[in-house]
Amino acid sequence: LFIIIFFNFSVFSKTINGTAYVVDGDTIHIKKNKIRLHGIDAPEIDQTCTIKDKTWHCGLESSLALKKLVLDNNISCVVSDIDKYNRYIAECFINNKNINKLMVRNGWAIAYRYYSLDFVEDEKLAKKDKIGIWQGQFREPYLFRKSKKN
């Protein structure tokens, strides 16, 4: 009995280049390619956070931070997977600078430990420096999404 299994490795070697349209703090579009940034989770656009009992729009700020990073730059994304929403999962770069890492290090996203431990150290530094969403309190983005479904 012989069983032959074919794997589609082509997706794992795909690179997408171009200028990016920012959807939110962890999702971009390059041309018709929807790309979810690997290993990070940013607040949702409509998510708010608090600093000393004052509410602020941390989800909007996170997406604006990503917009500032990618603005008019040529982005190169190395695809590692496709998610259940048919988005490419990728690490993206501007001039060899890792955008995923920068979003976490600058405090605008958390390390998405469920999928990867790649950016845990960057998160620890952002938390220690109290920057971005670490300036105050916030609900982890995946918990915020989950609460909206109920």
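Here the residue index of a chain counts from 1 through its sequence in written order. It should be noted that, the model being predicted, local features are given only for residues of pLDDT at least 70 and side-chain atom pairs only at 80 or more, the latter also being counted only at that level, while totals for whole chains, interfaces and linings use all residues. Note that the side-chain values use all heavy atoms of the structure and ignore hydrogens as well as water.

A short note on the side chain of Ser116
Part 1 of the argument: Only DSSP runs of H or I covering at least 4 residues are called helices, and only runs of E covering at least 2 are called strands; the numbering of each starts at the N terminus. Relative to the helices and strands, Ser116 is located in the loop between β11 (110-111) and α3 (120-129).
Part 2 of the argument: Pairs of N or O atoms are called polar contacts if they sit within 3.5 Å, as long as, within protein, a hydrogen donor faces a hydrogen acceptor (for residues adjacent in sequence, only side-chain-to-side-chain pairs). A distance of 3.4 Å separates polar atoms of two side chains, one belonging to Ser116 and the other to His38.
Part 3 of the argument: Among the polar contacts made by the side chain of Ser116, one reaches the main-chain amide nitrogen of Asp118 at a distance of 2.9 Å.
Part 4 of the argument: Residues count as neighbours in contact if any of their non-hydrogen atoms are within 4.5 Å of one another. Not counting residues up to four positions away in its chain, the partners in contact with Ser116 are His38 and Gly39.

A short note on the pattern of salt bridges
Part 1 of the argument: In what follows, salt bridge is the name for a side-chain nitrogen of Lys or Arg lying within 4 Å of a carboxyl oxygen of Asp or Glu. Under the defined criterion, the tally for this structure stands at 11 salt bridges.
Part 2 of the argument: Linking Asp41 and Arg36 is a salt bridge whose minimum nitrogen-to-oxygen distance equals 3.2 Å.
Part 3 of the argument: Assessed through its relative accessible area of 8%, Arg36 is described here as buried.
Part 4 of the argument: In this structure, Glu44 and Arg145 form a salt bridge, with 2.8 Å as the shortest nitrogen-oxygen distance. You can see Glu44 sitting in the loop between β5 (40-41) and β6 (49-51) and its partner Arg145 sitting in helix α4 (residues 141-149), a full 101 residues away along the chain. Summary of the burial criterion: residues with accessible area below 20% of their type's maximum are buried, those above 50% are exposed, and those between are partly exposed, where the area comes from a 1.4 Å probe applied to protein chains only.

Observations regarding the environment of Asn17
Part 1 of the argument: Structurally, the position occupied by Asn17 is in strand β1 (residues 15-18).
Part 2 of the argument: Filtering out sequence-adjacent residues up to four positions away, Asn17 remains in contact with Ile30, Lys31, Asn74, Ile75, Ser76 and Cys77.
Part 3 of the argument: A polar contact is formed between the side chain of Asn17 and the side chain of Ser76, at a distance of 2.9 Å.

A short note on unusual backbone geometry
Part 1 of the argument: The phi torsion at Lys31 lies on the positive side, around 55°, for a residue other than glycine.
Part 2 of the argument: For Lys31, a relative accessible area of 66% gives the class exposed.

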